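Coordinate analysis (summary)
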Amino acid sequence: MNAAEHAQTARDFLVASDREFAAGDHLQGSEKLYGAATQAIISICQQRGWRYKSHRAMQQAVTALEREYDDPFIAAGFASANRFHENFFHDNLEDYDIEANRPSVHRFVNRMLALLDEV
């Protein structure tokens, strides 16, 4: 897959996560939300020629982007996405946590995808 295809997959996963949460499936909704975040990061990494095939590489990319754009929300948004990834395995988020943090992951994904257009 190329950067544009990963970006589209991120968009598709956002829609799918909303559908899963609306149906009451918090586990699948959580994993798709995390998947949207990682697909967005992968698209940027591919565009820039950065490594992305491990969680560590994606975290390093997020840190680099946060510094480059002087935007602490970038790291915070990825941290929220990671909480949903953890929720998929442990089902440890309360309903109010899910509702409070879903918008930040959506903003993170949209911010990452907007960066694709800036380069």
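Treat the numbers as computed from the prediction; the structure is a model and nothing was measured. For every chain, the first residue of the written sequence is number 1, and numbering continues from 1 onward in sequence order. Only residues with pLDDT of at least 70 get local features here, since the model is predicted, and only at 80 or more are side-chain atom pairs given and counted; chain-wide, interface and lining totals rely on the full set of residues. Only hydrogens and water are set aside; all other atoms, that is, all heavy atoms of the structure, feed into the side-chain values.

1. Here's the deal with the environment of Glu94
Rules: Here a helix means four or more residues in a row that DSSP labels H or I, a strand means two or more in a row labelled E, and each is numbered from the N terminus. The buried label goes to any residue with under 20% of its type's maximum accessible area, the exposed label to any with over 50%, and the partly exposed label to all in between, with areas taken from a 1.4 Å probe on protein chains only.
Relative to the helices and strands, Glu94 resides in the loop between helix H4 (72-90) and helix H5 (95-118). Judged by relative accessible area, Glu94 falls into the partly exposed class, the value being 44%. When the C-alpha atoms of Glu94 and His26 are compared, they prove to be 9.9 Å apart, with 68 residues separating the residues in sequence.

2. A few points about the nonpolar core
As a rule of thumb, nonpolar side chains are buried together in soluble globular proteins. For the record, the criterion: Throughout this description, the term nonpolar core refers to a set of buried Ala, Val, Leu, Ile, Met, Phe, Trp, Tyr and Cys residues connected via side-chain atoms within 4.5 Å. By definition, residues are in contact when any of their heavy atoms lie within 4.5 Å.
Membership of the largest hydrophobic core comes to 30 residues, with the highest contact counts inside it found for Ile41, Phe108, Val109 and Met112. Counting only elements with at least two residues in this core, the list comes to helix H1 (3-22), helix H2 (26-48), helix H3 (55-69), H4 and H5. Among the elements that take part in this core, H2 stands out by supplying nine residues, more than any other. If near-sequence neighbours (up to four positions away) are discounted, Met112 is found in contact with Ala40, Ile44, Leu65 and Ile74.

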